[in-house]
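If you want the building blocks of each chain, they are given just below.
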Amino acid sequence: MGMAFAEHPVNKHTMERLRENMGREVTVEYVLLKRDLVVSGTLIGVHDFNKLILEKSTQKGNALTHDGEYLMAGWNGTIRSVTVDGMVVYDNSKNVPFGFKIKTQEESRAFREASFGNEVADEMDRRYGVGKFARPVEKIEKTRVQKIIGLLKRS
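Note that the coordinates shown come from a computational prediction; the quantities given were computed from them, not determined experimentally.

Brief notes about the side chain of R80
Link 1 in the chain: By the secondary structure assignment, R80 is in strand 6 (residues 77-84).
Link 2 in the chain: On the basis of relative accessible area, R80 is assigned to the buried category, the value being 7%.
Link 3 in the chain: Of the polar contacts made by the side chain of R80, one reaches the backbone oxygen of V96; its length is 2.5 Å.
Link 4 in the chain: The contact partners of R80, leaving out residues within four places of it in the chain, are E29, Y30, V31, Y90, D91, N92, S93, V96, P97 and F98.

Topic: the environment of L33
Link 1 in the chain: For L33, the location among the structural elements is in the loop between strand 1 (25-32) and strand 2 (35-47).
Link 2 in the chain: Note: C-alpha distance between L33 and K101 (68 residues apart in sequence) is 6.7 Å.

Points about unusual backbone geometry
Link 1 in the chain: Positive phi, normally seen in glycine, also occurs at K34, with a value near 70°.
Link 2 in the chain: The phi angle at D85 is positive, at roughly 50°, despite the residue not being glycine.
Link 3 in the chain: Residue classification places D85 among the exposed residues on the basis of a relative accessible area of 65%.

With respect to the pairing of strand 1
Link 1 in the chain: One ladder, built from eight bridges, connects strand 1 with strand 2; its direction is antiparallel. Bridge pairing in strand 2 links T27 to S40.
Link 2 in the chain: In this structure, the hairpin formed by strand 1 and strand 2 is closed by a connection of two residues, where L33 is found at a positive phi of approximately 50°.
Link 3 in the chain: Pairing of strand 1 with strand 6 involves six bridges; the strand directions are antiparallel. Bridging from a neighbouring strand, T27 pairs with T83 of strand 6.

What counts and how
- Residues numbered from 1 in each chain as written.
- Predicted model: local features only at pLDDT ≥ 70, side-chain atom pairs only at ≥ 80, totals over all residues.
- Heavy atoms only, no water.
- Helix = DSSP H or I, 4+ residues; strand = E, 2+ residues; numbered from the N terminus.
- Buried < 20%, exposed > 50% of the residue type's maximum accessible area, 1.4 Å probe, protein only.
- Polar contact = N/O pair within 3.5 Å; in protein donor to acceptor, adjacent residues only side chain to side chain.
- Contact = heavy atoms within 4.5 Å.
- Pairing = 2+ DSSP bridges.

What follows is the structure, given as structure tokens:
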């Protein structure tokens, strides 16, 4: 069926706590392509329930991103925790075990719901047009040339 996630929502208060640490050095523990990594740097951006941005020139650690962006709920990369001076300010480790990777759209939705709550999961689905917010796909009639090519392939 899929993965089981803990009911451990990261809330607006957590996002505020992250923003309070803008300009400070943070340590980000995350999973990227099933690899457990740690990077540190100066926090310069917090996009609620989406990503953190570290100053490029201050990044240290494993597998740094070129633009300093670390996703909170990505398919290939997901933040487990963020610490400042040894104090945890963001913790989603219950939902992001070591070696974690989302494999399906259903797992992605379940992960976002468990981590951030229903409203945030709906907002993300609406933004990207997935799940119940997917745009209906209209059937497009084949052109005359495409029909001819199809007939030629059959013979």
